[in-house]
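Listed here are the chains, written in short residue letters.
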Amino acid sequence: MAVGADRSGPRVLGPDSAGTFAGFGVDVPVTLGGTAPADPDFPLPALVTGLLREQAGARSASVHLLAPDTPAQECRRLGESLAEEATGLLVLADGTNCSDERSPYPPDQRAGQLDEQIRTALADVDTDRLQALDPELCAELGVEGRAALEVLPGVVAASGGTWRGELLYSATPYGVTYHVATWTRQP
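Residues numbered from 1 in each chain as written. Predicted model: local features only at pLDDT ≥ 70, side-chain atom pairs only at ≥ 80, totals over all residues. Heavy atoms only, no water.

A.B. asks: Please provide a residue-by-residue account of helix 3 (residues 111-124), values included.
C.D. replies: Taking 1.5 Å as the rise per residue, helix 3 with 14 residues should run 20 Å; its terminal C-alpha atoms sit 20 Å apart, in good agreement. Ala 111, Leu 114, Asp 115, Ile 118, Thr 120, Ala 121 and Leu 122 are the residues of helix 3 that are buried. Tucked inside the fold, the buried residues of helix 3 contact helix 4 (127-131), helix 5 (135-140), helix 6 (146-149), helix 7 (152-159), strand 7 (163-171) and strand 8 (178-185). At the exit of helix 3 stands Val 125, carrying a positive phi of roughly 50°. (Helix = DSSP H or I, 4+ residues; strand = E, 2+ residues; numbered from the N terminus. Expected span 1.5 Å × (residues − 1). Buried < 20%, exposed > 50% of the residue type's maximum accessible area, 1.4 Å probe, protein only. Contact = heavy atoms within 4.5 Å.)

A.B. asks: Describe the pattern of salt bridges, naming the residues involved and giving the relevant values.
C.D. replies: For the structure on display, the rule yields 10 salt bridges. Measuring nitrogen to oxygen at the nearest pair gives 3.0 Å for the salt bridge that ties Arg 7 to Glu 144. Placement of Arg 7 in the loop between strand 1 (2-5) and strand 2 (11-13) and of Glu 144 in the loop between helix 5 and helix 6 is noted, with a sequence separation of 137 residues between them. Here Glu 166 ties to Arg 164 by a salt bridge, and the two come within 3.8 Å at their closest N and O atoms. The class for Glu 166 is partly exposed, based on a relative accessible area of 38%. Relative accessible area serves as the criterion here: at 42%, Arg 164 is assigned to the partly exposed category. Where salt bridges share partners, they join Asp 108, Arg 110 and Glu 140 into one cluster. (Salt bridge = Lys/Arg side-chain N within 4 Å of Asp/Glu carboxyl O.)

As structure tokens, then:
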């Protein structure tokens, strides 16, 4: 199961969904598990989920897409409901897209601080820090996946226990910041 943000949300794409990376320059078809024809307008979070599903050898996946401007409390409620049904959750989000001269948008000095807030929250399983993300600031600095990140506090709250985070990657190639982390609930 995956969650991401896309302007087409809210909606859920099930295992019968498929798409292609052709719109990004390479016609690599992916599926969430079925044999449906590739949708040329398949949202990026679903494309990445399909690619990772295939690489991991999972039979199927579904993707919950939220609108980028979904309120934090609604994101949290989705996280609480997903915690009840998911054995694993892939959250697809992004960092800022205006941090340096390589960025697709003019550099903004606030980008570094926002990326650090996200990086630290992911590394430390700091749900308060994620819940405190400012939707307007995130929109201004290109963090389209803020809503997906704010699903995590709901998952942690509903699951209980102690969680451990591990930041695997955090960098700004080509002027867009990406973070990769794992969160594991401790026995």
